[in-house]
Amino acid sequence: MIKAVSRAQFIRGDVLGNRSQPRPPWARSEQLFTELCTRCDACIKACAEKILVRGQGGFPQVDFMRGECTFCQACLTACQEGALSADTSPAWLLKAVIEDTCLAYRGVACMTCAEQCEMEAIHFQPRIGGVPFPIIDMDSCTGCGACYKPCPNRAIRLLDTDTYNPELQLQKVEAS
């Protein structure tokens, strides 16, 4: 299936329709978002958590190194152009993914991600003779990013569920 690519994506060289950083919550599809967003910075200024920044081309994006999204809807309320819409439900399709660089996968006991997760979406599976491995309950994960910044090994990524295969994480745990 061929994805529609906006003019802005084509000019940026993003002919696959992918983006490196997530848009604000409640963002419409990438093509529609880039057509409607005037880059006025209203959502960036309204963000209570200060995690929205100007990204490539001046479009707003989320920087989880600044913190987590509390889904307060301030950005949604501030957007007068319709690039963010309450019709977009859930707020976004982001989910946390734990990569191979996770300290637990390397035999070091670390549970920082689970300690930060208010939704309790991250659990640790005990292993005989080894440290527990993290498991993410995708149904509970909101993609808020609370686990991202505190991870000492930068092993957390937030991916769009359209491109993420949850079976990969399960295979990691079962293989160990």
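Above this text you will find the structure in question.
How each quantity is defined
- Residues numbered from 1 in each chain as written.
- Predicted model: local features only at pLDDT ≥ 70, side-chain atom pairs only at ≥ 80, totals over all residues.
- Heavy atoms only, no water.
- Phe/Tyr/Trp six-rings, centres within 6.5 Å; stacked < 30°, edge-to-face > 60°.
- Helix = DSSP H or I, 4+ residues; strand = E, 2+ residues; numbered from the N terminus.
- Buried < 20%, exposed > 50% of the residue type's maximum accessible area, 1.4 Å probe, protein only.
- Core = buried A, V, L, I, M, F, W, Y, C linked by side-chain atoms within 4.5 Å.
- Contact = heavy atoms within 4.5 Å.
- Pairing = 2+ DSSP bridges.
- Disulfide = S-S within 2.5 Å.
- Polar contact = N/O pair within 3.5 Å; in protein donor to acceptor, adjacent residues only side chain to side chain.

**Q** For this particular structure, what's the right way to read the packing of aromatic side chains?
**A** Counted under the stated rule, the structure contains 6 aromatic pairs. Ring centres of F33 and F59 lie 6.3 Å apart, and the angle between their planes is 50°; on these two criteria the pair is classed as tilted. You can see F33 sitting in helix 2 (residues 30-36) and its partner F59 sitting in the loop between strand 1 (52-54) and strand 2 (60-62), a full 26 residues away along the chain. This pair shows no difference in class: F33 is buried, exactly as F59 is. Measuring from ring centre to ring centre gives 5.9 Å for F64 and W92, while their planes differ by 75°; the resulting arrangement is edge-to-face. One end of the pair, F64, is in the loop between strand 2 and helix 4 (74-78); the other, W92, is in the loop between helix 4 and strand 3 (94-98), with 28 residues separating them in the sequence. F64 sits in the buried class, given a relative accessible area of 5%.

**Q** Before we go on, may I ask you to explain the nonpolar core in this structure?
**A** For soluble globular proteins, the rule of thumb is that nonpolar side chains tend to be buried together. In this structure, F33, L52, L84, A96, I122, I136 and I156 are the most contacted members of the largest nonpolar core, which totals 41 residues. At the level of elements, helix 3 (42-46), helix 4, strand 3, strand 4 (122-127), strand 5 (130-136) and strand 6 (156-160) are the ones that each hand at least two residues to this core. The residues contacting I156, other than those within four sequence positions of it, are A96, V97, I98, C113, C147, Y148 and C151.

**Q** Help me out: how do you make sense of the pairing of strand 4 in this one?
**A** Each regular strand shows side chains that alternate between the opposite faces of the sheet. Note that strand 4 and strand 5 share 5 bridges and pair antiparallel. The residue bridging R127 from the neighbouring strand is G130, located in strand 5. Here strand 4 folds back onto strand 5, and the loop between the two strands holds 2 residues, one of which, G129, carries a positive phi near 75°.

**Q** Help me understand the environment of A46 in this model?
**A** Mapped onto the fold, A46 is located in helix 3. Along the sequence, A46 and C79 sit 33 residues apart, while their C-alpha atoms lie 9.2 Å from each other. Aside from chain neighbours lying at most four places away, what touches A46 is A74, C75 and A78.

**Q** Please clarify how the environment of R39 should be interpreted in this entry.
**A** Its place among the elements puts R39 in the loop between helix 2 and helix 3. R39 sits 18 residues away from G57 along the chain, and the two C-alpha atoms are 8.7 Å apart.

**Q** Where do I start with the state of the cysteines in this structure?
**A** Covalent bonding between the sulfur atoms of two cysteines defines a disulfide. Tallied over the entire structure, the rule returns 0 disulfides. Lacking any disulfide linkage, C113 is separated from the closest cysteine sulfur, that of C102, by 6.2 Å. When its relative accessible area of 10% is taken as the criterion, C113 is described as buried.

**Q** Quick question: what am I supposed to make of unusual backbone geometry here?
**A** Outside of glycine, negative phi angles account for most residues, and trans bonds account for most peptide bonds. The phi dihedral of D41 falls on the positive side, at around 75°, and the residue is not glycine. The topology assignment puts D41 in the loop between helix 2 and helix 3. Looking at D41, the relative accessible area reads 19%, which means it is buried. Phi at K50 is positive, roughly 60°, even though this residue is not glycine. Here K50 lies in the loop between helix 3 and strand 1.

**Q** Sorry if this is basic, but what is going on with the side chain of Q61 here?
**A** Assignment of secondary structure puts Q61 in strand 2. Contacts of Q61, omitting those with residues within four sequence positions, involve Q21, P22, R23, P24, I51, L52, V53, G55 and Q56.

**Q** I keep staring at the side chain of S85 and nothing clicks. Help me out?
**A** Secondary-structure assignment places S85 in the loop between helix 4 and strand 3. Within the structure, S85 has its side chain in polar contact with the backbone nitrogen of D87 (distance 3.1 Å).

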